[in-house]
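Coordinate inspection notes
Here is what each chain is made of, one letter per residue.
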Amino acid sequence: MLDFLGNLKRTHYCGALRAPDAGKNAIVMGWVHRRRDLGNLLFLDIRDRTGIVQVVFNKETQPQAHAKAEQARSEFVVAVEGQVIKRQKSNPELTTGEVELVAANLHILNNAKTPPFPVEDEINAAEETRLRYRYIDLRRSKPHRNIALRHKIVLEIRKVMDEMGFIEVETPMLTRSTPEGARDYLVPSRVHHGQFYALPQSPQIFKQILMIGGLDRYFQIVKCFRDEDLRADRQPEFTQLDLEMSFPRQEDIFEVIENVMVRACAVAGVKAERPFPHMLYKDAIRKFGSDKPDLRFGMELHEVTSCFPEEAKQKLQIEGNVFAFAATGAANYSRKQLDDLTEKAKSLGARGAYFVKVAPEGTTSTVEKLIGPENVKKLAEAAGAKPGDLVVAVSAKQQIKGTEAAALIAGQLRLQLGEALSLIDKSQWKFLWITGFPLFEWSESDKQWVSAQHPFTGIVDEDLGKLESAPWEVRSKGYDLVLNGNELGSGSIRIHRQDIQARLFKALGLTEEQQRRRFGFFLDALTYGTPPHGGIALGIDRIAMLLAGERSLREVIAFPKTTAAQDLMAESPSEVDTDQLDQLGIAIKPSAKKAAE
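What comes next is a walk through the structure. (Residues numbered from 1 in each chain as written. Predicted model: local features only at pLDDT ≥ 70, side-chain atom pairs only at ≥ 80, totals over all residues. Heavy atoms only, no water.)

On to the overall build of the chain, then. The helix and strand tally for the chain stands at 16 helices and 24 strands. Summarising its shape, the C-alpha atoms of the chain cover approximately 95 × 75 × 60 Å along the three principal directions. Put simply, the chain has 597 residues, and 47% of those count as buried. For the chain, restricting intrachain contacts to residue pairs at least 6 apart in sequence, the fraction spanning at least 24 positions comes to 66%. When the accessible surface of the chain is totalled, it reaches about 30,600 Å², and 49% of it is carbon and sulfur. Each charge sign in the chain was given a centre, from 80 positive and 81 negative side chains, and these centres are 2 Å apart. (Helix = DSSP H or I, 4+ residues; strand = E, 2+ residues; numbered from the N terminus. Buried < 20%, exposed > 50% of the residue type's maximum accessible area, 1.4 Å probe, protein only. Contact = heavy atoms within 4.5 Å. Areas by Shrake-Rupley, 256 points an atom, 1.4 Å probe, with all protein chains shown as cover. Lys, Arg positive; Asp, Glu negative; His and termini not counted. Charge placed at Lys NZ, Arg CZ, Asp CG, Glu CD.)

Rendered as structure tokens:
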């Protein structure tokens, strides 16, 4: 028979008991973690979010409590009254290992089915099983630590933002659809048939309006939504630190964010050094083949096109430039390993991958017959290779979205080899500001230049004259914050003048009717004295993931979605009743794929 909690009040958390508590009476509450029956002595390990404490039941001195403990099983919910004593032999694996609780009374508050996997940190359960039974998974100490760390990070961010004079403002969750690149989640209106709200991809327009409204310094820990394909570091709903400032220089925003990140890192015991270094976008691509370079190891890229004579270029079908890097200590790579790297490069869009092994006795190359021994030597020197290194060179079609594809592919191979060769110092925390992004990128599908960021991103003053004549040369006032090869967030100084905003919309091919339909209320606001302003948004989920040492966002979110955007526990998304659809004036028709079938 189960017991009622009644007036029973917990006096201690399980994981809080220590040697100085010996002799005290205590009441602990939690779940039965483990049960060991030794006849006259029965031991229950009781667990709550703080840890585990051992409780001993003595049949001779407390027969009723012992008899009740015999009924307890794994994950039963219990309350125990007893006295704290020092253990005869401590358990160093437990923070409470110097003490135990001698039970006087046991209250079984609820029973439990056998869980689908053990409540342990190291488990073999599939991720889908863990997410389906998330309430069991959350009982493990690892999720507890991650969620508690996330809480402390957010709390510290709020403290430091308040100290710097920022005001937290909640912006609407139900707004109009203003596509910003990804698809919106749409919410039908029951009152206004045929019309829809959209869940915000970001509070972008509203935070700019707050600057027009004179709030000067705004921030928000805000939930945002994007209906896009997912990866380990993407979720359909995500949380970000969103902020905006009036009359800022770019350096002012950097100073604010560096202060925030230093304080947030300190919560996790990580020391971040400021000021964070800066790097131009074009240099990041040229040196690292990425706009979010990982600086924890070297192996910089080098442009080595001159090492390939014209005849070799023709035979190898090389277009554009060739980029190479020296993989430290990889000269002993086997033929199969080189073939695997070649296949990887081709899967990324490369024309080919070419290798030079540098050894004390000389160099060998897979393209020596085509480019000659002198050029092989030049190639190794250009890549900065030392004895024992493997030079990896890549050629590709000239551009991807306006950027040299060979550099991007070489950058991905650099990361792969840096990991495989254990060259990445996981103890380092390397922040980096990326600036000087192009304002436009070429769209193959649309056959035109499109905005590389949202269409309110500021334009470098001296590039304004190129907006209509040479858009590919126009630089934005955008910036990204990168940590250990991960983009934490993006921001920019915004366009605050309506004449420049109109020119940008025209350059993007938006008609006045399209501008009014998408952004009408915001364009009106711009005409009423908009101050210069700028801001940034940082991914809270990603920050927590990195500081917790995890590889997936799902490990730091209480109720995450799968890569198919499903909540397996709540079984959502789900179908709804016909009468609900009728109230909204909505009829479901087969998808294009099903209709074709």
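Picking up after the structure, the text goes on.
This paragraph deals with helix α14 (residues 540–547). Of all eight residues in α14, eight are buried; the element is thus mostly enclosed. One or two positions beyond α14, positive phi appears at Gly549, with a value near 75°.

Moving on to the sheet that holds strand β2 (residues 41–48). Here we have five strands rolled up into a closed barrel, ordered β1-β2-β3-β5-β4, and mixed in their pairing. Taken pair by pair, the neighbouring strands of this sheet meet at an average axis angle of 55°, ignoring direction. As paired strands, strand β4 (residues 77–86) and strand β5 (residues 99–110) are joined by 10 bridges and run antiparallel to one another. Looking at β5, one finds that Lys86 is bridged to Val99. (Pairing = 2+ DSSP bridges. Axes fitted to C-alpha atoms, helices over the stretch in contact; angles between N-to-C directions.)

Now for helix α7 (residues 281–288). Taken together, the buried positions of α7 are occupied by Tyr281, Ala284, Ile285 and Phe288. One side of α7 carries all its buried residues, which in axial view fall inside an arc of 105°. Of the residues one or two after α7, Gly289 is the one with positive phi, at around 65°. (Arc of directions from axis to C-beta.)

On to the pattern of salt bridges. Scanning the entire structure with this criterion turns up 44 salt bridges. The residue Arg130 makes a salt bridge to Glu555 at a minimum N-O spacing of 3.1 Å. With Arg130 in helix α2 (residues 127–132) and Glu555 in the loop between α14 and α15 (578–584), this pair connects stretches of sequence that are 425 residues apart. Residue classification places Arg130 among the buried positions, given a relative accessible area of 10%. Ionic contacts of the salt-bridge type, sharing partners, join the residues Arg130, Arg134, Asp137, Arg140 and Glu555 into one network. (Salt bridge = Lys/Arg side-chain N within 4 Å of Asp/Glu carboxyl O.)

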